[in-house]
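Okay, here's what each chain looks like letter by letter:
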Amino acid sequence: MEYQSTRNRSVRLSSAQAIVEGISRDGGLFVPTSIPQVDREFLEKLGKMDYIGRAKEVLALYLTDFTPGELDACVRGAYGEGRFSHPKVAPVVKAGKGGPWMLELWHGPTCAFKDMALQLLPRLMTTAAAKLGDRHTIAVLTATSGDTGKAALEGFRDVPGTKVLVFYPQDGVSPMQKRQMATQQGENVGVFGIEGNFDAAQSGVKAIFGDRAFAEELEKEGIRLSSANSINWGRLVPQIVYYVSAYCDLVAGGLPMGERVDVAVPTGNFGDILAAYYAREMGVPLGRLICASNRNRVLTDFFQTGRYDRNRPFYTTDSPSMDILISSNLERLLFHLTGGDDQAVAGWMAQLSAQGWYQVPEPLREKAAEIFGAGSCGDEEARATIGRLYREEGYLADPHTAVAASLAGPGTLVVSTASPYKFPACVLEALGQVPAGEDFDQLDQLSRVTGTPVPAPLADLRSREVRFRESCDPAAMLQAVRQGLA
Ligand SMILES: *Cc1c(COP(=O)(O)O)cnc(C)c1O
């Protein structure tokens, strides 16, 4: 299996190279040259395995240059004993009698679905570098609006040969998210609050990535910069696994093998739903893929009109991890749907960067609409869904999951991306309660009201010492990175 760039199909890399390089020099994203096919026997075989077994089988189809031993070590490190609080890692749960199926992806160490990929990525990255004889220390720089930073810190912490530095907007993350990062443990981690918003943090990180002189300085010290966001194939491929696994679990629960199931995915950067597309193209019987957006409905409009236009107001919502106007992974979908038209993709992406919009031809939009449904849902409707699911089905959903559940029918598989305890104030209000006191009081309150336990990784934060108090001006980020890597 080889990988090519969405903006230049003559580029050919192994999966190890694609994972180490992250993004192609032409600005394109790496995609497989063909999508592996699975049949009924394969799904039946996986149905008898645990999550670790399933992950190894699916990853082996894409990461053909990794040995079985290497994949085994990576997968066990990520999903083995003690990493996830649920024995099935990514369980499928029926929400009451009348509700949809929920694919719960938040039983990892940070209580959000980013763990599914970011527990595995560091292992794939260091294994890939070792295979290629690359002896650099990998320094991961990440700007975060909340969930990705914490998941990257947990994933890379104390992984030999790596360091991880995270920048977050000092006043732009939730108190719980801030505490999660400020108390981060590990010897190879650094966390900095930025006196500015997420864009300032992101621009600062991008500027550092583009700084040739700094790269040479680091090269002398044997350090290579890398990124943990979802443009890396190594972050996407672990996400394909849970769609295959979920289908096996639905069959085990009585779904006739081969019957199609619609999937609703709360979407921001288009990574999670793109993984569902790969699973569907592999032959897993998934039906319509419902791309669920909050009020930032740039993708809904795209699927309805064929015009992707980021020139619009940006809204802050109850589902902050979906507050995004540039969904990077859509580029991969366009490449596949055009049959690999790298020139067309490069043109649209250039126009997006220069003018903030592009328009795809109507036949292409129709092709997308055969596979994808799309819809958007505001905060009020999502809160009403949280209340209804709880009252009628006894299921407690977080605000991101609620956006997808709002657009899902009863037989649909809804991707549940965060623990409701990550957003206690919003969830309490949706249940008709008045949130009391500070964040930890609200965790206890939500637990009292619903009779469900506070997840251990969040409860534990209370007793964790704050290790990182540093904040810096965006202009001083390079200095902070130097310090962090010293
Ligand atoms: C990141 C995130 C999403 C969006 O996923 P994408 O892959 O960016 O589309 C949805 N929900 C939660 C809780 C997230 O952290």
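Let me begin by describing the structure that accompanies this report. What you see is a predicted model; the values in this text were computed from it and never measured.

### Some details on the pattern of salt bridges
Enumeration over the complete set of coordinates arrives at 21 salt bridges. The closest approach of N and O atoms between glutamate 217 and arginine 482, which form a salt bridge, is 2.8 Å. In this pair, glutamate 217 sits in helix α10 (residues 212-220) while arginine 482 sits in helix α22 (residues 477-485), placing the two residues 265 residues apart along the sequence. The exposure class of arginine 482 is partly exposed, given its relative accessible area of 32%. Among the salt bridges present, the one from arginine 462 reaches aspartate 444, with a minimum N-O distance of 3.4 Å. Pair noted here: arginine 462 is in the loop between α21 (456-459) and β16 (471-472) and aspartate 444 is in helix α20 (residues 439-450), with a separation of 18 residues, a long-range link. One connected set of salt bridges, linked through shared partners, spans Arg54, Lys88 and Asp249.

### A short note on the site of the ligand
Around the ligand, the structure places 15 residues, and the nearest of them are Lys114, Asp147, Gly268, Asn269 and Thr417. In the environment of the ligand, an oxygen atom lies 2.9 Å from a nitrogen or oxygen atom belonging to the side chain of aspartate 147. A distance of 3.4 Å is found between an oxygen atom of the ligand and a side-chain nitrogen or oxygen belonging to serine 321. Alone, the ligand offers 390 Å² of accessible surface; in the complex the protein occludes 97% of this. By residue class, the composition of the shell around the ligand is five nonpolar, seven polar and three charged.

The rules behind the values
Residues numbered from 1 in each chain as written. Predicted model: local features only at pLDDT ≥ 70, side-chain atom pairs only at ≥ 80, totals over all residues. Heavy atoms only, no water. Salt bridge = Lys/Arg side-chain N within 4 Å of Asp/Glu carboxyl O. Helix = DSSP H or I, 4+ residues; strand = E, 2+ residues; numbered from the N terminus. Buried < 20%, exposed > 50% of the residue type's maximum accessible area, 1.4 Å probe, protein only. Near = heavy atom within 4 Å. Polar contact = N/O pair within 3.5 Å; in protein donor to acceptor, adjacent residues only side chain to side chain. Areas by Shrake-Rupley, 256 points an atom, 1.4 Å probe, with all protein chains shown as cover. Nonpolar A, V, L, I, M, F, W, Y, C, P; charged D, E, K, R; others polar.

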